[in-house]
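Remarks on the overall topology
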Amino acid sequence: MKLENLQQLTTEGKNESSKELDRLSARGIVQMMNDEDKKVPYAVERVLDHVSEAVEVIAHALENGGRLFYFGAGTSGRLGILDASECPPTFGTDPELVQGVIAGGPSAMIRAVEGAEDSYELGQEDIHKYEVTKADVVVGIAASGRTPYVLGVLAEAQNIGAKTIALSCNQPSFINKGVDVAINVVVGPEVLTGSTRLKAGTAQKLVLNMLTTATMIKLGKVYGNLMVNVQATNLKLKERVKRIVMEVTGVSYAEAERLSELAEGDAKTAILMKLTGASREEALRLLNVTNGRIREAIQQFS
């Protein structure tokens, strides 16, 4: 299949259920959209083996000094940036650890940059512009599975030896070529023909949520189901840190506030101080030795 044969792509297909879409009432339209959206989690479920394989690749790279990059155009690029931008406040990561890149640069987040997604060469250039190395993981996101920009990104990433993952909503997918892991979430034709910001976008968001969340859990940035690496950068997050300390240690609000202040707003440190009796300095040392894993730090102290 040639790149220009869009009509052969599942994401560009006509949805027979919605062929009278413009004749429906508002309630009818949203009901139809909701019915179609219900199919998305099941489509994601069918590729969970590939998603988990991708998590293992990413976690291994990040544990060994690598970074995670998302590259995409249009909606796909915006979703990558959204997921990457949530990692620092949620998991306390350096903004450089997970990065999202959109074809055409930051301005394309708000307004489409003409021709950017059609440039294979721009994809190749962006790999070097963002200084991707062989230690990193590159995820190419393209609902159609054939975006030239993403094809260029993945090809160049492979040339420099980086691990590569493809995320698309078509099968077969051009961007699968040569990648370490291919994730193809086939959600079927959209309610609005070709509008991949709908089901395809939802599927991509679900998978991206899994990639970073599961990776960060494996890296020890979660304790139980609590965001113990959250950074107390505003009032809401300062309160969240206190609640996390209360839940893990069973202390009162006042004691959680005292511990949080002693730990300078770091939930992990506060928890370790309470559970082990360690000083802030000793707690920090233990966390450094165990790469931030609370359970291992507690075991080492005892």
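Figured I'd write up the structure that's included with this text. None of these values were measured; they are calculated from a predicted model.

With that settled, consider the packing of helix α4 (residues 74-91) against helix α7 (residues 199-218). Put simply, α4 and α7 touch, their axes get as near as 10 Å, and they point 30° apart. Considered as vectors, α4 and α7 are oriented roughly parallel to each other. For α4 against α7, the interelement crossing comes out right-handed. Contacts between α4 and α7 involve Ser-76, Leu-79, Gly-80, Leu-82, Asp-83, Cys-87 and Phe-91 from the former and Gly-201, Gln-204, Lys-205, Leu-208, Asn-209, Thr-212, Thr-213 and Met-216 from the latter. Taken together, the residues of the contact of α4 with α7 break down into six nonpolar, seven polar and two charged.

What follows covers the side chain of Glu-36. Within the secondary structure, Glu-36 is located in helix α1 (residues 26-37). Looking at Glu-36, the relative accessible area reads 5%, which means it is buried. There is a polar contact of 2.9 Å between the side chain of Glu-36 and the side chain of Lys-39. Only 2.7 Å separates the side chain of Glu-36 from the side chain of Lys-199, close enough to count as a polar contact. With residues near it in sequence (within four places) discarded, Glu-36 still touches Asn-15, Ser-17, Pro-189, Val-191 and Lys-199.

A few words now on the packing of aromatic side chains. Tallied over the full model, the rule gives two aromatic pairs. Summarising the aromatic geometry, the rings of Phe-69 and Phe-71 are spaced 6.0 Å apart at their centres and angled 25° between planes, so their arrangement reads as stacked. For Phe-69, a relative accessible area of 0% puts it in the buried group. Summarising the aromatic geometry, the rings of Phe-71 and Tyr-130 are spaced 6.3 Å apart at their centres and angled 80° between planes, so their arrangement reads as edge-to-face. Here Phe-71 is found in strand β1 (residues 68-72), whereas its partner Tyr-130 is found in the loop between α5 (120-129) and β3 (137-141), with 59 residues between them in sequence. Through a chain of ring-to-ring contacts, the aromatic side chains of Phe-69, Phe-71 and Tyr-130 assemble into a single cluster.

What counts and what doesn't
- Residues numbered from 1 in each chain as written.
- Predicted model: local features only at pLDDT ≥ 70, side-chain atom pairs only at ≥ 80, totals over all residues.
- Heavy atoms only, no water.
- Axes fitted to C-alpha atoms, helices over the stretch in contact; angles between N-to-C directions.
- Helix = DSSP H or I, 4+ residues; strand = E, 2+ residues; numbered from the N terminus.
- Parallel < 35°, antiparallel > 145°, perpendicular 65-115°, else oblique.
- Left-handed = near helix turned anticlockwise from the far one by under 90°.
- Contact = heavy atoms within 4.5 Å.
- Nonpolar A, V, L, I, M, F, W, Y, C, P; charged D, E, K, R; others polar.
- Buried < 20%, exposed > 50% of the residue type's maximum accessible area, 1.4 Å probe, protein only.
- Polar contact = N/O pair within 3.5 Å; in protein donor to acceptor, adjacent residues only side chain to side chain.
- Phe/Tyr/Trp six-rings, centres within 6.5 Å; stacked < 30°, edge-to-face > 60°.

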